[in-house]
Amino acid sequence: MSHRFDTQCVHCGTHPDPVTGALSQPIYQTSTFAFRNADEGARRFKGEEEGYIYTRLGNPNHTAVEEKIALLEGGEAAAVAASGMGAISSVLWTALSSGDHVVAARAIYGCTHALMNHQFPRFGIETTFMNLTDLNAVKAAMRPNTKVIYCESPSNPTMEIADIAGLAKIAHEGNAILVVDNTYCTPVIQRPIELGADVVVHSATKYLNGHGDVIAGVAVGSREFIGRVKGEGLKDMTGATLSPFDAYLLLRGMKTMHVRVPRHCESAMKIARFLQGRPEVAETRYPGLDDYPQKALADKQMKYYGAMIAVELKGGYEAGKKFIDSTRLWTLAVSLGDAESLIQHPASMTHSALSDEEQAASGISKGLIRLSVGLEDPEDLIDDLKNAFAAI
Ligand code: LCS
């Protein structure tokens, strides 16, 4: 029987333990699995028989997370990884070979940018970073050897919205797949595969887990492609295996995602409106604001507007530094999607791998401040921001 999304968040992927009846899945904290005999071991290695072999190749705690996220994202299969970067690199190393070309959004998470910008050239893979909001320019950038279009939506940290359906169409007119990093949204807000994307990746460290106590990643896609990600990217190339304990924590976090995420978003809307009305703020970037340039596109593909906000202060970097040093309830820290509200400065922190020129080309100004709205009372968060404004 197929249930609605919220019910799937709670139930999917978990079954009472067949031996003890434990409702919460036990932690299979083991590196290896015993075979009953040589033939069984050989059959499992050949893929002729279902069953676990060695935790780098799979573990019951992985399977539970994979079943849940595949269903919630509307994909056929999923692979968990030891970090968001573990998932992203395993997907890209699987999809790409020397001589291939990638079209990527100009603004993406700093380490994803660094992977493409600094590491790919060493292996003969070229990346064109560009403003993906201009679909004609994306079409023009496509080459016969373009194998991947890569984006986040909204982008970290500049909040650009990518037209996922439009990009999927361009990818499929060529020889490419569309990979969407859905970290900022979760499937509660946006389901890229329904819009035509081929692969969804996440830093599960963020809203999927939601409690700031795990580093993890997932990739979702077709059974065929995810099979290759597991058998090539994760198994042989990155080895980015998630620990069973972290898989257990991630599954627990995902059970409440449909309750947490809308609350994050509701508070973010209040805080974005507050920021927009402040005289110290030059620009508030939040897709839920009526005058946000890409609001219509956000409305088309997002159920809520997320809980990430970027602000540009009139006083630039100096004012921004004083501001983030002056908050008390907002924690000065990178990461996002935790119960605690976080504030940080992308140019010197999450996106410091980009040179000044690359930051400018990506739309990351020195005065940009990024806020991750947590689950506290939004009025307390606003009071704390008021005090920080008074200090600049
Ligand atoms: N994708 C996005 C959109 C991210 O924001 C991050 C991490 C990653 C992928 C990588 O995931 P990880 O390997 O860390 O699990 N973003 C961070 C950020 O904005 N602050 O600290 C980490």
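Every value quoted in this text rests on a predicted model; they were computed, and no experiment measured them. (Residues numbered from 1 in each chain as written. Predicted model: local features only at pLDDT ≥ 70, side-chain atom pairs only at ≥ 80, totals over all residues. Heavy atoms only, no water.)

(A) Structural context of the packing of helix H3 (residues 60-73) against helix H9 (residues 244-254). Close contact between H3 and H9 brings their axes to 8 Å; oriented N to C, the two are set at 30°. If you check the angle between H3 and H9, you find them roughly parallel. Handedness of the crossing formed by H3 with H9: left-handed. On H9, the residues that touch Asn61, His62, Ala64, Val65, Lys68 and Ile69 of H3 are Pro244, Ala247, Tyr248, Leu250, Leu251 and Met254. A per-class count over the contact of H3 with H9 returns 9 nonpolar, 2 polar and 1 charged. (Axes fitted to C-alpha atoms, helices over the stretch in contact; angles between N-to-C directions. Helix = DSSP H or I, 4+ residues; strand = E, 2+ residues; numbered from the N terminus. Parallel < 35°, antiparallel > 145°, perpendicular 65-115°, else oblique. Left-handed = near helix turned anticlockwise from the far one by under 90°. Contact = heavy atoms within 4.5 Å. Nonpolar A, V, L, I, M, F, W, Y, C, P; charged D, E, K, R; others polar.)

(B) Representation of the packing of helix H4 (residues 84-95) against helix H8 (residues 223-238). Between H4 and H8, the least distance of the axes is 8 Å, while the angle of their chain directions is 105°. When the axis of H4 is compared with that of H8, the two are roughly perpendicular. Facing H4, whose interface residues are Gly86, Ser89, Ser90, Val91, Trp93, Thr94 and Ala95, H8 presents Phe225, Arg228, Val229, Glu232, Gly233, Leu234, Met237 and Thr238. Considered class by class, the residues forming the contact of H4 with H8 number 7 nonpolar, 6 polar and 2 charged.

(C) Structural context of the packing of aromatic side chains. Within this structure, the stated rule accounts for 8 aromatic pairs. Measuring from ring centre to ring centre gives 6.3 Å for phenylalanine 245 and tyrosine 248, while their planes differ by 15°; the resulting arrangement is stacked. One end of the pair, phenylalanine 245, and the other, tyrosine 248, are both in helix H9, 3 residues apart, so they sit about a helical turn from each other. Residue phenylalanine 245 is classed as partly exposed on the basis of its relative accessible area of 38%. Within the aromatic cluster, the residues linked to one another by ring pairs are Trp93, Phe120 and Phe123. (Phe/Tyr/Trp six-rings, centres within 6.5 Å; stacked < 30°, edge-to-face > 60°. Buried < 20%, exposed > 50% of the residue type's maximum accessible area, 1.4 Å probe, protein only.)

(D) Looking closely at the sheet that holds strand E11 (residues 342-344). If you trace the 5 strands from one edge of the open sheet to the other, you get E8-E9-E12-E11-E10, paired in mixed fashion. The open sheet has two edge strands, strand E8 (281-285) and strand E10 (331-332), and neither has a second partner. Relative to strand E9 (residues 308-313), E8 runs antiparallel, the two being bridged by 4 bridges. The partner of arginine 285 across the bridge, within E9, is alanine 310. Against the sheet, helix H10 (residues 257-276) engages E8, E9 and strand E12 (368-372), with an angle of about 10° to E9. (Pairing = 2+ DSSP bridges.)

(E) Summary view of the sheet that holds strand E4 (residues 146-152). With respect to topology, 7 strands assemble into an open sheet ordered E1-E7-E6-E5-E4-E2-E3, the strand pairing being mixed. Taken across any chain shown, the strands that pair with only one partner, and hence form the sheet edges, are strand E1 (77-81) and strand E3 (126-130). Going across the sheet, the axis of each strand differs from the next one's by a mean of 20°, ignoring polarity. Of the pairings in the sheet, the one linking strand E6 (residues 199-203) to strand E7 (residues 217-221) comprises 4 bridges and is antiparallel in character. In the sheet register, serine 203 faces E7, and the bridge partner there is glycine 217. Sitting on the sheet, H4 touches E1, E4, strand E5 (177-181), E6 and E7, and the angle it makes with E6 is about 150°. The strands touched by helix H7 (residues 164-173) are E4 and E5; relative to E5, the strand with the most contacts, the crossing angle is about 150°.

(F) Broad picture of the nonpolar core. Counting 67 residues, the largest nonpolar core has Ile271, Leu275, Ile309 and Leu371 as the members making the most contacts within it. By residue number, the principal contributor to this core is H10, which donates 9 residues. Both of domain 1 (5-254) and domain 2 (257-391) provide at least three residues apiece to this core. Every residue in contact with leucine 275, bar those within four places of it in the chain, is listed here: Val281, Thr284, Ile309, Val311, Leu371, Leu385 and Phe389. (Core = buried A, V, L, I, M, F, W, Y, C linked by side-chain atoms within 4.5 Å. Domains from an automatic or database assignment.)

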